[in-house]
Amino acid sequence: MTSHEKYIKRCIQLARNGLGTTYPNPLVGSVIVHENKIIGEGWHYKSGEPHAEVYAIQSVKNESLLKDATIYVSLEPCSHYGKTPPCSDLIIEKGIKKVVIGTIDPFAKVSGTGIQRLMNAGCDVIVGILEKECQELNKRFFTFHKKKRPYIILKWAQTKNNFIAPDTTTKRAPVWITTKYSRQLVHKWRAEEQGILVGNQTVIKDDPKLTIRDWQGKHPVRVIIDRSGSIPKNSAVLDKKTKTIVITSEKFEKDNTKNLIYEIIEPKTKQVKQICDILYRQDIQSIIIEGGTFTIQSFIDENIWDEARVFEGNTIFENGVKAPVIKGNLISEEKIMTDTLKIYQND
């Protein structure tokens, strides 16, 4: 590993600290190196707050070293005024002449302009160090800006004999297949993504809250597909306690409120593409599709998904609803107590 790769790897480690808190901004980490020693570090904590480069520069105790230092950053420094001033201008102002960047920013207002501004100011700029890893770090941000849709994570739990739910239940509540440890991990995931989506049958049968209870963080935006307007009015997802989008037909359109928004979907065109367009308009960069089988399978069948997280519990149902069928690249498999978690990537 080269010295450039070592320091960009550290940028990636720092950037991961912001997962779930920086939306709609990307994850970014930065380090400042003087004579092969890190003298400053920082990462972007939250949208509206200073960027990684700002925190890294502020952490340097002796600013006179900056003129002979190199700043490393996992993503191209911004060049436009948003909620904060351009980071490229700050780098120039502080006299930092060497800049090493992991990858170019895909956001149209930046994309190459930050690099150009630094070069025009006489900075020595190197781009593309651990580029693949830096793009993987911001797979949500890159997918949103390049594909004009959220990064889509499919998630379900199935029994050892491939059922996702029993045929019938005696009450309107979830039937757990996995252990509480797996369920806590799912709540951690909810805190890391912007949205969570289920179909109307999941709401009717389980009455889920789709919020974070076993972890700390911001609740995801709840998205419910209810084309027939059939979910009960007393459903937990309609409590208006957190932002919820109900995707329905024009026949069942309701009045929008701050935390309950109705979006219309056309019945004669592909459902998944329309859903993705709605989520893009709502600025949702990432979403977990949690069920049920019909909803998840529709994303698989239209091949619009990026990742699948599949739990297998140490449970058997005599009969029930079959789990989705997926083909993808198995990238990891691990045991969580008596459960098995498999993660697939869409080829």
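The name given to the protein in an unreviewed UniProt entry is Riboflavin biosynthesis protein RibD, with the source organism recorded as Aquimarina celericrescens. Taken directly from UniProt, the Function (unreviewed entry) text for the protein runs: "Converts 2,5-diamino-6-(ribosylamino)-4(3h)-pyrimidinone 5'-phosphate into 5-amino-6-(ribosylamino)-2,4(1h,3h)-pyrimidinedione 5'-phosphate."

Novice: Tell me about the layout of surface pockets, and name the residues and values.
Specialist: There is about 1100 Å³ of room inside the largest pocket. T202, D206, E290, G291 and G292 are, among the 49 residues lining the largest pocket, the residues nearest its centre. Those elements that place two or more of their residues in the lining of the largest pocket are β6 (151-158), β7 (163-166), α7 (180-192), β8 (195-199), α8 (200-206), β12 (286-291) and α10 (293-301).

Novice: So what about the environment of V54? Which residues, and what values?
Specialist: With respect to the helices and strands, V54 occurs in helix α2 (residues 52-58). Between the C-alpha atoms of V54 and P86, which are 32 residues apart in sequence, the distance is 9.8 Å.

Novice: How would you explain the pairing of strand β2 (residues 37-43) if you had to name every residue and give the values?
Specialist: Where strand β1 (residues 29-34) meets β2, six bridges bridge the pair, whose relative direction is antiparallel. Bridge pairing in β2 places V33 opposite I38. In sequence, β1 turns back onto β2 through a hairpin of two residues, with E35 there showing a positive phi of about 50 degrees.

Novice: If you had to explain the packing of aromatic side chains to someone new, which residues and values would you point to?
Specialist: Counting across every chain of the model gives five aromatic pairs. Here the aromatic rings of Y7 and Y72 are separated by 5.1 Å at their centres, their planes lie at 50 degrees, and the arrangement is tilted. Here the residue Y7 occupies a position in helix α1 (residues 3-15), and Y72 occupies one in strand β3 (residues 70-75), the gap between them amounting to 65 residues. Measuring from centroid to centroid gives 4.7 Å for F144 and Y280, while their planes differ by 35 degrees, and the two rings are tilted. Residue F144 is located in helix α6 (residues 139-147), and its partner Y280 is located in helix α9 (residues 271-281); the two are separated by 136 residues in the primary sequence.

Novice: Just give me the short version of empty space enclosed by the protein, but keep the residues and values in it.
Specialist: Per the counting criterion, the structure on display carries one cavity of 30 Å³ or more. When grouped by side-chain class, the residues that make up the lining of the largest cavity number five nonpolar, six polar and one charged.

Novice: Can you lay out unusual backbone geometry for me, pointing to particular residues and giving the numbers?
Specialist: For the peptide bond that leads from Y23 to P24, omega is 5 degrees, which places it in the cis range. Along the chain, the position of P24 falls in the loop between α1 and β1. Along the chain, G291 connects to G292 via a cis peptide bond; the corresponding omega equals 0 degrees. Along the chain, the position of G292 falls in the loop between β12 and α10. Backbone geometry places L130, a non-glycine residue, at a positive phi of 50 degrees. Within the secondary structure layout, L130 lies in the loop between β5 (124-127) and α5 (131-137).

Basis of the calculations
- Residues numbered from 1 in each chain as written.
- Predicted model: local features only at pLDDT ≥ 70, side-chain atom pairs only at ≥ 80, totals over all residues.
- Heavy atoms only, no water.
- UniProt positions renumbered as here; feature names shortened; annotations may be inferred.
- 1 Å grid on protein atoms, 1.4 Å probe; cavity = no way out; pocket = protein on both sides within 12 Å on 5 of 7 lines; lining within 4 Å.
- Points joined across faces, edges and corners; volume = space filled by probe spheres on them.
- Helix = DSSP H or I, 4+ residues; strand = E, 2+ residues; numbered from the N terminus.
- Pairing = 2+ DSSP bridges.
- Phe/Tyr/Trp six-rings, centres within 6.5 Å; stacked < 30°, edge-to-face > 60°.
- Nonpolar A, V, L, I, M, F, W, Y, C, P; charged D, E, K, R; others polar.

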